[in-house]
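Overview (structure and organization)
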Amino acid sequence: MAVEEPLDNPFVRRPSTEFTSVDELSEEEAMAEVQALREAIRFHDYRYHIEHDPVIADRTYDALFERLVMLEEAFDLEDPSSPTQRVAPEPISAFETVEHVRPMLSLDASAEADDVYEFDRRVRQEVGDATYVLEPKFDGVAIELVYAEGALDRAVTRGDGYEGDDVTANVRTIPTVPVELFGDPPSLLALRGEIYMPKDGFQVYNEERIQTGQDPFANPRNAAAGTLRQLDPSVVAQRPLDCFVFDVLDADEPWETRWEEHHAIQSFGLPVSDRVSHTEDIAEAIEYRDELLDERDDLEYEVDGIVIKVNERDLREALGQTARASRGAFAYKFPARTEETAITSIIVQVGRTGRVTPLALLEPVDVGGVTVSRASLHNFEEVRKKDVNEGDIVGVERAGDVIPYVAEVVEKRSDGYFQPPDRCPICESPIEFEGPLAYCTGGRSCTAQLREAVLYFASDAGLDIDGLGEETVRQFFEEGLIVDDIADLFTITKRELSSLEGWGEKSATNLLNELERVSNPPLDDFLAALGIPEVGPTVARKLAAAFGSLEAIMEASLDELEGVEEVGPVVAQAVRDWFDEPANRTLIEALDANGVTPQTWQATQTGDRFTDVTIVITGSLPTLSRGDATDIIEREGGSVTSSVSGNTDFLIVGENPGSRKVEDATNHGVQTLDGPTFESWLLGEADRPRQARLGEEF
Ligand code: IVH
C-alpha cells in the first residue's frame with residue numbers, strides 16, 4: 001500500500017461510533033476531533049476509492065462523516081480542504097480563465113514501431129544512455145492539478161496549453177482526487193493528469209441519457225469532457241468521473257527521475273496507474289504496447305496507446321522541447337479504429353421524443369474487424385462544424401461498444417454542409433431547434449414518433465408486451481391498425497389480426513392475451529411505458545411510491561413533484577409539462593376507455609420484507625429469472641441496482657457470474673449470497689441472512 005496508515009488516529013482501525021455529546025465538548029476538543037476525523041476520512045477515502053480495499057464498513061464511514069459534518073457546523077469549523085466540502089452547492093455562470101504553472105505541452109506520437117526506435121536513437125545520440133518509463137496513454141481530458149501546502153488549490157483544463165478553464169469545483173467532486181495530500185508533499189506541487197469516465201460507468205450513464213431522451217455521448221472521452229464543462233458541480237458529482245496523475249509540471253524540488261516521482265506522488269495519495277514500468281531497453285516498449293493492446297478491451301478505461309518517457313530529469317531537460325511537444329517523451333499509439341470511406345447519402349431520422357438526427361449512409365468499410373455502413377452524425381450543429389455533406393470522404397471511428405460515428409471530413413468532395421430540413425420528413429410539421437438539437441413538433445401525430453412511442457410502450461422498459469416487436473409494429477402501421485395513438489393497440493380485434501399476412505389464429509390469440517395481461521399494469525410500469533421525458537423505470541417507481549395513484553401524479557404540483565426522492569426540478573417540470581399537454585391527457589383517457597388502467601401502488605405492494613434493502617444480482621438464479629426476482633424484491637419494498645457500490649447490501653452470485661461484480665463486492669465489503677440461499681429468502685422460506693456488523697473488518 002502506497003499511503004501509510006495514521007496508526008495513532010482513533011478513527012482509523014475499529015473506530016467506535018459512540019461519540020461524546022456536542023454540548024460536552026470544549027472548542028479545543030472539538031477542533032482536535034475534527035482534525036482526526038478529517039485525516040481518518042481522507043485515509044478511508046483512499047483505501048476505498050484508490051486501493052479498493054476499505055478497512056471499515058460503509059456504515060461506520062458514514063457515521064464518521066456525519067459526525068464531522070455535525071462538528072464543523074456546531075463549532076464553525078468549515079474548511080475548503082475538508083472532505084465534507086467536496087460538493088460545492090452553487091452553480092457558477094462561467095469558468096474563469098487561468099494561466100498554467102508551466103505550459104502543458106503535447107506529445108509526438110506514432111503508431112509505427114520504427115518511429116519508436118527512431119526516438120530512442122535520437123535520445124541516445126543527444127544525451128547518451130537514458131532509461132525509460134512506460135505507461136498507458138489514457139484517453140480522457142487533460143487536467144492540471146495544483147496543490148499548495150498539500151491542499152488542492154486549483155484544477156485547470158488544458159485550454160490552449162498556456163491557459164485553461166478553472167474547473168476546481170467540479171474536480172473536487174471526483175472521489176479519487178485528494179483535496180488534501182498525505183505525507184510530506186512539497187509546498188508547491190503542480191501536476192498533470194487525465195480525467196476520464198470509466199467504460200462501465202459510461203455505458204450506464206449513456207443508457208440513462210438515451211432513456212431520458214438526451215443525446216448519447218459518442219465515447220467516454222466526450223462524456224468526461226462534457227461533464228467537466230458543467231457549470232453545476234452537483235451534476236458533476238453524480239457522474240462517474242475518475243483520474244490518473246502522470247506528470248509533475250512543477251515542484252519546489254523536483255525528483256531526479258520519473259520513476260521516483262511516480263512513487264512519491266503515489267505516496268501522497270494521488271491516483272496513479274499500477275501499470276507504470278521502468279526499462280533500459282526500448283524493445284520492451286514495443287512489447288509493452290502490444291500487451292496493453294491485447295488487454296485493451298478488458299481495461300476499465302479507454303487507452304489509446306502508451307507513453308514512453310525519458311526517466312532521468314536532467315536528460316529530459318537537456319532534450320528540451322519543440323514549439324508544441326516535449327522531446328523527452330513519445331506516444332506509441334494503438335492502430336486506429338478509424339477508417340476512411342465515402343458518405344453515399346445522409347438521411348434524417350425521427351426518434352421517440354421527436355429528436356431529428358442526421359445519419360450518414362456509407363460505402364461499407366471494415367473498421368477494426370466490423371463492417372460499418374452507417375454512422376452517426378449526432379446533430380446538425382456537428383454537421384455544420386465538421387462541414388460534412390453527401391459525397392465527402394470521411395474518417396469513421398468506432399470507440400468501445402458505441403455505434404460508429406463520423407469523426408472528420410478527410411476529403412471534401414461536395415459544396416457546403418448538409419442543411420437541416422425545416423420540416424419533418426415524415427409528418428411535415430415544422431422543426432424546432434434548441435441549441436444543437438432539432439425536434440419535430442408533430443408529437444405523436446407524427447407517424448415516426450408514434451411508432452417509436454408504441455415500441456417503447458411495449459418494450460422491457462415499458463409494459464414488456466411479448467410479441468410486439470419492431471416488425472409487428474411496422475406492420476400494424478402499414479395496415480392502418482394504429483392510426484391515432486398508442487391506445488389503438490387495445491382496439492385491435494382477433495379478426496383484424498388473423499387476416500394480416502403471416503398471422504394465424506394462434507398468434508392472434510397469443511397477442512390478444514398479452515394485451516389483456518398488461519391492461520392492469522402496476523403504476524410504475526405504466527408510468528415508465530408512457531415515455532415521459534426524464535422518466536425511466538427508477539423515477540417512475542419513486543413517483544408511484546410517493547403518490548400512489550395515476551390521478552395523484554397527474555394533479556401533483558411542481559413543488560410536490562420535486563419533493564420526491566431522485567426528482568429534481570428538471571424531472572418535475574418534464575412530468576408536469578407532459579401531463580399538461582392535452583394530447584397526453586387524451587391518451588390516458590383513451591387507454592382508460594379501452595380498458596387499460598394502472599393499479600394503485602399499494603395494490604401491487606405485497607409486503608415489506610425488503611424495505612431499505614439494495615441488491616445486485618449477477619449470473620443466473622436456480623429457478624427464477626432475474627426479472628421475476630427483481631419484481632418480487634421491489635414489490636416487497638426493496639431495490640435492485642445494476643452495479644455494486646457502497647450502498648449495496650447484498651450481491652447475489654448466481655451461475656456464471658460476472659467477475660467484475662464479485663470483485664467490486666469484495667472491494668466494497670459487500671456481503672455475497674449464493675443463488676439457493678437468496679431464493680429461499682426471496683420466496684419466504686428463510687429469514688434474511690445475517691449481514692456483517694458495524695465496524696467489522698471484511
Ligand atoms: S505525459 C510532455 N503521460 O496525452 C508530456 N500524457 O498529447 C506530458 N496523456 O492530452 C504528457 N496519458 O494529457 C502523459 N501517461 C501519460 C498520458 C498522457 C494520457 C495525454 C495528455 C495529453 C496527451 C498528449
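Residues numbered from 1 in each chain as written. Predicted model: local features only at pLDDT ≥ 70, side-chain atom pairs only at ≥ 80, totals over all residues. Heavy atoms only, no water.

A short note on a negative patch on the surface
- A cluster of like negative charges, contributed by E27, E28, E29, E73, D76 and E78, occupies part of the molecular surface.
- The greatest single-element share of the negative patch, amounting to three residues, is contributed by helix α1 (residues 27–50).
- Residue placement: E28 occurs in helix α1.
- The exposure class of E28 is exposed, given its relative accessible area of 60%. (Patch = residues over 30% accessible without salt bridge, like charges linked within 9 Å, V, L, I, M, F, W, Y side chains within 5 Å. Areas by Shrake-Rupley, 256 points an atom, 1.4 Å probe, with all protein chains shown as cover. Salt bridge = Lys/Arg side-chain N within 4 Å of Asp/Glu carboxyl O. Lys, Arg positive; Asp, Glu negative; His and termini not counted. Charge placed at Lys NZ, Arg CZ, Asp CG, Glu CD. Helix = DSSP H or I, 4+ residues; strand = E, 2+ residues; numbered from the N terminus. Buried < 20%, exposed > 50% of the residue type's maximum accessible area, 1.4 Å probe, protein only.)

Considering the nonpolar core
- One finds F476, L489, L543 and F579 to be the most contacted residues of the largest nonpolar core, which totals 55 residues.
- Counting only elements with at least two residues in this core, the list comes to α12 (447–458), α13 (470–478), α15 (505–517), α16 (523–529), α17 (537–547), α18 (550–555), α20 (569–580) and α21 (582–593).
- In terms of residues, this core owes the most to one element, α12, which gives six residues.
- When sequence neighbours within four positions are dropped, the list of residues in contact with L489 reads V454, F457, L468, F476, I482 and L515.
- Core analysis: the next-biggest nonpolar cluster, separate from the first, contains 35 residues, Y147, M197, C243 and F268 among them. (Core = buried A, V, L, I, M, F, W, Y, C linked by side-chain atoms within 4.5 Å. Contact = heavy atoms within 4.5 Å.)

Observations concerning the sheet that holds strand β2 (residues 106–110)
- Taken in spatial order, the five strands line up as β2-β11-β10-β3-β9 in an open sheet, and their pairing is mixed. This sheet does not close on itself; its edge strands, each paired only once, are β2 and β9 (277–279). Averaged over all pairs of adjacent strands, the angle between their axes in this sheet comes to 35°, without regard to strand direction.
- Sheet analysis places strand β3 (residues 132–138) next to strand β10 (residues 303–310), joined by seven bridges and oriented antiparallel. Paired with L134 across the strands is I308, a residue of β10. (Pairing = 2+ DSSP bridges. Axes fitted to C-alpha atoms, helices over the stretch in contact; angles between N-to-C directions.)

Concerning the packing of aromatic side chains
- By the definition in use, this model includes 19 aromatic pairs.
- Seen in terms of ring centroids, F119 and F330 are 5.3 Å apart; in terms of plane orientation they differ by 25°. Their pairing is stacked. Pair noted here: F119 is in helix α3 (residues 113–127) and F330 is in strand β11 (residues 325–333), with a separation of 211 residues, a long-range link. Residue F119 shares its accessibility class with F330, and that shared class is buried.
- Ring pairs connect the aromatic residues F138, Y196, F244, F246 and Y301, which therefore count as one cluster.
- For R289, the ring lying beneath its charged end belongs to Y332, and the centroid distance is 4.2 Å. (Phe/Tyr/Trp six-rings, centres within 6.5 Å; stacked < 30°, edge-to-face > 60°. Lys NZ or Arg CZ within 6 Å of the ring centre and 35° of its normal.)

Overview of the pattern of salt bridges
- Evaluated as defined, the whole model comprises 36 salt bridges.
- Taking the shortest distance from any N to any O, the salt bridge between E126 and R327 comes out at 3.0 Å. Taken together, the positions of E126 in helix α3 and R327 in strand β11 put the pair 201 residues apart, joining distant regions of the chain.
- A relative accessible area of 19% means that R327 is categorised as buried.
- When the shortest N-O distance is used, the salt bridge between R541 and E634 registers 3.0 Å. Note that R541 is positioned in helix α17 and E634 in helix α23 (residues 626–635), a separation of 93 residues in sequence. The exposure classification of R541 matches that of E634, with both residues buried.
- Beyond isolated ion pairs, a larger network of salt bridges with shared partners links E135, R258, E261 and K309.

Thoughts on the pairing of strand β18 (residues 437–440)
- Where burial is concerned, the two faces of β18 agree: the one with L437 and Y439 and the one with A438 and C440 are both buried.
- Pairing geometry for strand β17 (residues 431–434) and β18, over four bridges, is antiparallel. In the sheet register, E434 faces β18, and the bridge partner there is L437.
- Adjacent in sequence and paired antiparallel, β17 and β18 are bridged by two residues, among which G435 carries a positive phi angle near 55°.

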